[in-house]
Every structure is written in structure tokens, then in C-alpha cells.
Amino acid sequence: MLSMKTANWSMIFILAMLASGCQPKQADLSPGDISILPKPVHIKVNSGLFEITKDTKILVDPEIGSLGEMLSTMLSPSMGFALDVSDGNPVRNSIRLSVNPSLEDLGEEGYRLTADKNRVLIEAPAGAGVFYGMQTLRQLLPAEVFGDAASEDVRWTIPCVEIKDYPRFKWRGMHLDVCRHFMPVEFVKKYIDLIAIQKMNRFHWHLTEDQGWRIDIRRYPKLAEISAWRDETLVGHYNDEPRKFDGQPHGGFYTHEEIREVVAYANGRYVTIVPEIEMPGHSQAALAAYPEISCTGGPFKVSTIWGIRKEVYCAGNEKTFEFLENVLREVLELFPGEYIHVGGDECPKDRWEECQKCQDRIRQEGLQDEHELQSYFIKRMEKFLHDNNRRLIGWDEILEGGLAPNAAVMSWRGEAGGIAAARLGHDVVMAPYSHTYFDYYQADPQKEPLAIGGLLPIDTVYAYDPVPAELDEQQQQHILGVQGQVWTEYIPTPEKVEYMAFPRACALAETAWTPADQKDYETFTAALLQHLKRLDFLNVNYRKL
Ligand code: ACM
Ligand code: ZN
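J.: Looking at this model, I keep getting lost on the overall build of the protein chain. Mind explaining?
T.: Helix and strand counts for the protein chain stand at 18 helices and 21 strands. Here the protein chain has a C-alpha radius of gyration of 25 Å; the compact-globule value for 545 residues is 24 Å, and the two agree. Projected onto its principal axes, the C-alpha positions of the protein chain cover 85 × 50 × 45 Å. Every one of the 545 residues in the protein chain was classed for burial, and the buried ones make up 60%. Contacts in the protein chain between residues at least 24 apart in sequence constitute 72% of all its contacts with a sequence separation of at least 6. Split by element, the accessible area of the protein chain, about 21,500 Å² in all, is 49% carbon and sulfur.

J.: It is not clear to me how the sheet that holds strand β7 (residues 156-165) should be interpreted in this structure. Could you clarify?
T.: Taken together, 7 strands build an open sheet; the order of strands is β1-β7-β5-β6-β4-β2-β3 and the sheet is mixed. Pairing within the sheet leaves two strands with one partner each, and these edge strands are β1 (42-52) and β3 (84-86). Strand-to-strand twist across the sheet, computed as the mean angle between neighbouring axes with direction ignored, equals 20°. Where strand β5 (residues 111-115) meets β7, 4 bridges bridge the pair, whose relative direction is antiparallel. Counterpart to T114 in the pairing with β7 is E162. Sheet strands in contact with helix α2 (residues 65-79) are β1, β2 (57-60), β3, β4 (94-99) and β7, and its direction is about 160° off that of β2.

J.: I tried to follow the sheet that holds strand β18 (residues 391-395) on my own but got confused; where do I start?
T.: The 8 strands lie next to each other as β8-β9-β16-β17-β18-β19-β20-β21, forming a closed barrel whose pairing is parallel. Neighbour to neighbour, the strand axes of the sheet diverge by 30° on average, direction disregarded. Bridge count for strand β19 (residues 408-411) against strand β20 (residues 428-430) is 3 bridges, and the pairing is parallel. If you follow S411 over to β20, its bridge partner there is M430.

J.: Please explain the pairing of strand β9 (residues 202-206) as it appears in this structure.
T.: Side chains on a regular strand alternate between the two faces of the sheet. Most of β9 sits out of view: 5 of its 5 residues are buried. Alternating positions in β9 separate into two faces, R202, H204 and H206 on one and F203 and W205 on the other, with burial throughout. Pairing of strand β8 (residues 171-177) with β9 involves 5 bridges; the strand directions are parallel. Counted as the bridge partner of H175 is H204 from β9. Since β8 and β9 lie parallel, the crossover through helix α4 (residues 185-197) that links them has a hand, and here it is right-handed. In terms of strand pairing, β9 meets strand β16 (residues 272-279) through 5 bridges, oriented parallel. Paired with R202 across the strands is T272, a residue of β16.

J.: Just checking my understanding: could you explain the confidence of the model for the protein chain for this structure?
T.: For any part of a model where pLDDT is low, the fine detail of the predicted coordinates should not be relied upon. On average, residues of the protein chain carry a pLDDT of 95, and 95% of them reach 70 or more. For residues 1-27, every residue scores under 50 in pLDDT, and the model assigns this stretch 36 contacts once sequence neighbours within four places are set aside.

J.: What is the right way to read the packing of helix α6 (residues 256-268) against helix α8 (residues 318-334) from this model?
T.: For any two helices packed against each other, the geometry is given by the interaxial angle and the distance between the axes. Viewed as axis vectors pointing N to C, α6 and α8 meet at an angle of 40°, and their least axial separation amounts to 10 Å. Of the possible angle classes, the one that applies to α6 and α8 is oblique. Two secondary-structure elements touch here, α6 through H256, I259, R260 and V263 and α8 through E330, E333 and L334. Grouping the constituent residues of the contact of α6 with α8 by class yields 3 nonpolar, 1 polar and 3 charged.

Quick notes on the rules
Residues numbered from 1 in each chain as written. Chains lettered and ligands numbered in written order. Predicted model: local features only at pLDDT ≥ 70, side-chain atom pairs only at ≥ 80, totals over all residues. Heavy atoms only, no water. Helix = DSSP H or I, 4+ residues; strand = E, 2+ residues; numbered from the N terminus. Rg over C-alpha atoms; globule rule 2.2 N^0.38 Å. Buried < 20%, exposed > 50% of the residue type's maximum accessible area, 1.4 Å probe, protein only. Contact = heavy atoms within 4.5 Å. Areas by Shrake-Rupley, 256 points an atom, 1.4 Å probe, with all protein chains shown as cover. Pairing = 2+ DSSP bridges. Axes fitted to C-alpha atoms, helices over the stretch in contact; angles between N-to-C directions. Right-handed = clockwise from strand over helix to strand, strands pointing away. pLDDT = per-residue confidence, 0-100. Parallel < 35°, antiparallel > 145°, perpendicular 65-115°, else oblique. Nonpolar A, V, L, I, M, F, W, Y, C, P; charged D, E, K, R; others polar.

Structure representation (C-alpha cells):
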């Protein structure tokens, strides 16, 4: 029988069965009773249970040995015992993790999980799939397995199942702005864990802004000394009259050592970090330290208010490109992922219109206007990244004035930018504010903590489909996936990040993973009720449904 500590629905189910004079049997479980989030592609529930005991062995293929250790470490705090890990032969009472190239039809991230009364087998063509099979195994166990203290009265059983599973999209992202409010390394790691638990695989780390620069760059020490700190922060909403400030300095930055630690942590969880270094706009904090690469020469302060700032990098000055390429060289050393995000959004052209250097550049390059100057800027950075074997991704404004070759587009102002880019043969990540901006209110603003505005309830998030019907089949292949955004103007603490991101990010995770025709909001909310118990054990301050 399922542990009595499992979810309400199963208790109600069991009590109903008892009341009707019938013994609850595992055979009565159906796929709908199992709450794996995101929902797996194929699941067959058989009768019986597998039970993890102190004597259960973890058996792991040598090439993915670290996953065996990870599984043992994942289970031991709640179980109060550590399972033995070895690469021995299959035995009874074992959980086996195995790389099986014959399963390549499941794709790079797919897996098969088979549990009978005697053993569990998780096999996949590659390590990522084994890792996702482990996440599924964890969700087949009672929610207590997510706790950090031993739960002695729980029986660690899972139903006998056969699962075959793989993702719909290869880009399943979550973003976090650590500039408007700095977030400590420990929280960034927790956020990565929460991403991985729901089988998402990209962490878009928004590292530079008008209000703060968050990555130490050795070549430019003033970025950490000056650009990482602001004098004070706006209290209340940007639109409030009169504006009020807290009078408290705010800031912080990550050292190279910390970044390496986070990158390794993410890598171990099959999460690729996409660092964002904003240009040419959203750059006032950098200009506060290096005003010589602005159009006017400054002086500037790290911004203490939100919104769009007019101080941007000078596109006519070679020193700007030297600076940004040197910054990116250090970024490339720290972040091994294919994509580097260069922002490109919300760059006012006011300073460029009045700058002799910028106007000279327009003339010399035969450009039409300041939009083409921005395009020139991004194309230069794209060439630099391409020459360094990386790919540029930017917000959809990078389409204006002409899209750089090989650039991928993150479509945030709706889907139009993404559709245009896909039609041009460019890769696209859908991130429209209408469905993926988790800084928006999730319910009646009168009853919610302060947010930037908008309204994005969880059912709207869930309803989103990232593949626009107006694209033909070949163009649709360019939709890499979908991403949720957490901008932190009004999110000063990790607890509030959790409140804003969850459970909306759970809804997005299912869109990112589960085939569109298998999504069903009622089934999702039933699974989510179970999943929220897991988030309770993980001390996540999610918004209650
Ligand atoms: C954005 O929200 N400015 C990308
Ligand atoms: Zn200029």
C-alpha cells in the first residue's frame, strides 16, 4: 500500500476504497494517479510495488558513475540511510542506472524507467536521460523524499511502472535577473535545482544592467568596485508619485571562483547556463565605471530607478568594442555553453543621434539610421562570438536594422519577432511577456505583493504553445523551445523569487517537455497539488493555489 504520508488524493482514494469494503490494491492505480511533473510521454502502471530499503543497491555503469553517487546523495537525507553504489551485476533489490545506445530513438535527453517488485532500471542513450529518469524515480516516491531530514515512518515504495519519456523541446529555460536585486550563490544553486527537478535544462543568468553589474571581470576591476553597487533603491512602484528611496546601498557580484562553482553545479544537473551581458543598452552601471565608452563621457551613477535608461555604449568608439570583446573573453572562459546572450533590447538611440562618433560610423559604414547602427553593433559581436565557436542569442530587437548571421532570437515582445526570425531560418526561443513573464501579477493585484504590473495567472501560462501555427513545418523546426523570465525590480529576496516563479514555472515546464496533445489542465493541476508537497519539503516559498 502507498505510504499514508502520500498525498491527500490518494488518502481520499484509499479511504473511499476501505469504506466501500474493498482492499486498496496497487493494480487500482492508473497513470492519472501518478503525479510526475512534467507529465511523461508514455506510462503504464502495473500491479505491485518496489520498496527501497537499507539493503537496496544502486548499480551504475562506470561512464555515468557520478549519477549513482548523486542518486544515493539525493535519497539519503530523507531516508536516513545511504545506499551502496557499485558497478556490479544486476541483483534483486537494486536500482540500476545504465547507458543503452540502442535507445537512441529516445533522443539525447530521453529515458526508459522500468520498475518491478524486484528492481528498478533507468536506461537512456546518454547521461542526461538517466538524470531525468532519476528525477522521475524521485517523484514516484513519497513526497518526503524531497525533505532534508530523515522521515522514519515512511515506507519508500514506488508503484511498478514502465515509462518511456523524452522532451518536446531542447530549450527548456528559466531566466533570473540578479542585477535589479543581487541573489546569493546559494540561492542560484537552489534555483538551478528547482529547474532540474522539473526537467528544464537552461538557466539564463541575466548578469548586467543599468542598476548593477554582477560578474567580476579581471581586466576591468572597476566593474566590481563601482558598477556592482548602487547608492539606494526605489521603494514602491516606479510610477508612484513622488518617488521614494530606501537610502540603503545595494549590490554584489560573483567572483570567477563562484561562477565556476555554479557552472559545475549546473553541469552536474544537465543545466546549461546562458550568461547575458547586455549591449548596447541597459549598460549604465558599466558606464558609471568606464564613462569613456559612452557617447557623452559622463559622469554617470549606477541607476537607482527602473525603466529604460538613455545612457548606452557608444557605437562609434572602437574602445567600446575592445571593452566588450575583452569582457566576453573572460565570459567565454567561465561559461562553456554554446549560447552567449548579448541582450540587445530597449536601447534608446537618443545619444547616438547626437554623437559625432556614432554619426561618423553611420556614414562610413553606409548605414541608413541608428537602427542599422544597432544592427552593425550586434553583427560585430556575433562575428566575434562566431570566431570563438559560440552562438549569439539576443532579445527580438536584434531583428531591427537587420539580423546578424547565425544569431538566435529570444522573442519577448510577443511572438512576431520569433516568427520573423524563424522565417529567415534563425533559431528562436519563445519568451513572450504575455505568457512567460513571471514578474507579472499572478492574481488580483489588490491581494498580491507588489509586482511590475500585468496579469499572468497559471492557467494562462499552461495554455501557451510556443510553436506558432503560421509557421510551416520546416520553419517550426527553428523553435528551440520556451523560457520563463524573472525580472527582479520588485523582487528583492530569494523568497519572493520563489513566490513569483512557482508554481507558474511548473506549468511552463510541462509545456516545454510534454507533447502538446497530451497536455490537460485538470490533470496538470491534480499533479501539481502533489508536486507542491515536494516543494514544501524543499522549502520553496511558492504561491498557494
Ligand atoms: C525585456 O524584457 N526587456 C527583454
Ligand atoms: Zn556615440
